[in-house]
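A look at the structure
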Amino acid sequence: MHWYAIRQNLVPLNEEPTDAEPCVLLLTSEELTRYGASNLLFRHTPTPAEARVCKAEVHPDFLSGTLRLPAPDGEGSRLTCGYLITVNRIIFTEDDTHIFFLLKRMVREKRATDGGVGRFLYEFFELLLSRDLYRLEEIEDRLQHLEEQVMNHELDAFSLPMSELRQEIMARFRYYSQLDDVAYTLRANENSFFTDKEELSFRMLENRVIRLREEAQFLREYGSQLQSLFQSEIDIRQNRVMQILTIVTTIFLPLSLLAGWYGMNFTNMPELTWHYGYGFIILLSVAITILNILYFKKKKFW
């Protein structure tokens, strides 16, 4: 259990503050269960196990919800937590250390919280999103690298990385869409917990989330175009193979006709007893092959 006072900056505390002082409390699921029977707010605080999406729900005396972030770079553990907000309390529950390190970073950087729950939430979400644009740029760089591979006809190592990127982009697009709803709920301020200035901050947060969502949408479209480009290259490769097979079949079709014709061995076929028949058929086959090759070259079939 970790207490932080929301003053001009976030300040760690060694003991529980007074009820009137704005503060942040960080709990684990075990601690939430242990103290839940004696605290009404704890009983309404969602657990990390309930964090399937990012959401915010309005209740008469509090706001509650969950946060679920995409795993960084598609790997590692993701931030999952529950939260509850009152006029002067914020309770986080998590079983990992993501929130703990975010709060520790806020203390270290001395981010201005101005003694208000709303300003703290704005700074908290700003810190949460601080590297998201860089992560989206990294995804774009990986897409560009795959595009260069396709343009260089290096298609064998495309499908698996592309599938992973599409899943990561889709996860981020859903995350920003859900976080936009959270920012909108905070800005709506139905419980009147926040000041006009804090509402304006939440509007800025909402606009930033919308821009990130639009960037994720751009990456989705880029990925779809890249998938179409890859499929076109596959079709071109298959067409080339079919073209070669067709040319080879066309070249040897007259030879197959000759072999079938003279393979009938009828008694009255004069070529069977002709002294120069074998050599004539060889020269005829070579001539037919050369004429076919010249014809295909003239028509630029290869």
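Heads up: the structure comes first, above all this text.
By convention here, each chain's residues receive numbers from 1 onward along its written sequence. Since the coordinates come from a predicted model, pLDDT governs what is reported: local features require at least 70, and pairs of side-chain atoms require 80 or more to be given and counted, while whole-chain, interface and lining totals use all residues. With hydrogens and water excluded, all non-hydrogen atoms of the structure serve as input to the side-chain values.

1. Some words on the overall build of the chain
Along the backbone of the chain there are eight helices and seven strands. Our radius of gyration looks at C-alpha atoms and nothing else; its globule reference is 2.2 Å times the residue count to the power 0.38. For a compact globule of 302 residues, the expected C-alpha radius of gyration is about 19 Å, and the chain comes in at 35 Å, more than 25% above that figure. The C-alpha extent of the chain, read off along each of the three principal axes, is 120 × 35 × 35 Å. Counting the 302 residues in the chain, one finds 39% classified as buried. Helix and strand definitions follow DSSP, with helices as H or I runs of at least four residues and strands as E runs of at least two, each counted in order from the N terminus. The classification of residues rests on relative accessible area computed with a 1.4 Å probe and restricted to protein chains. Under 20% of the type maximum is buried, over 50% is exposed, and intermediate values are partly exposed.

2. Quick word on helix α6 (residues 159-188)
Taking 1.5 Å of rise per residue, the 30 residues of α6 would be expected to cover 44 Å, and the 44 Å separating its terminal C-alpha atoms lies within 8% of that figure. At the exit of α6 stands Asn-189, carrying a positive phi of roughly 50°. In this analysis, the expected span of each helix is defined as 1.5 Å times one less than the number of residues it contains.

3. Notes on helix α3 (residues 98-109)
Over its 12 residues, α3 runs 16 Å from end to end, which matches the ideal 16 Å to within 8%, given 1.5 Å per residue. Restricting attention to buried positions, one finds in α3 the residues Ile-99, Leu-102, Leu-103 and Met-106. Along the axis of α3, the buried positions cluster into a sector of 95°, meaning they face one direction only. Those residues of α3 that are buried lie in contact with β1 (2-6), β2 (10-13), β3 (23-27), β6 (80-85), β7 (89-93) and α4 (117-128). Positive backbone phi, approximately 55°, marks Lys-110, located one or two places after α3. Starting at the helix axis, one direction is taken to each C-beta atom, and the arc is that of these directions. For this analysis, residues touch if any pair of their heavy atoms sits within 4.5 Å.

4. A look at the sheet that holds β2
Sheet strands associate in pairs through backbone hydrogen bonding, adopting either a parallel or an antiparallel arrangement. Here, strands pair whenever DSSP counts at least two bridges between them. An order of β2-β1-β3-β7-β6-β5-β4 is seen for the seven strands of this open sheet, with the pairing classed as mixed. The sheet is open, and its two edges are formed by β2 and β4 (55-58), each paired on a single side. This sheet shows a mean twist of 20° between the axes of neighbouring strands, independent of strand direction. As paired strands, β6 and β7 are joined by four bridges and run antiparallel to one another. Across the sheet, Tyr-83 pairs through a bridge with Phe-92, a residue of β7. All axes here are fitted lines through C-alpha atoms, helices being fitted over the stretch that makes contact, and every angle between N-to-C directions spans 0 to 180 degrees.

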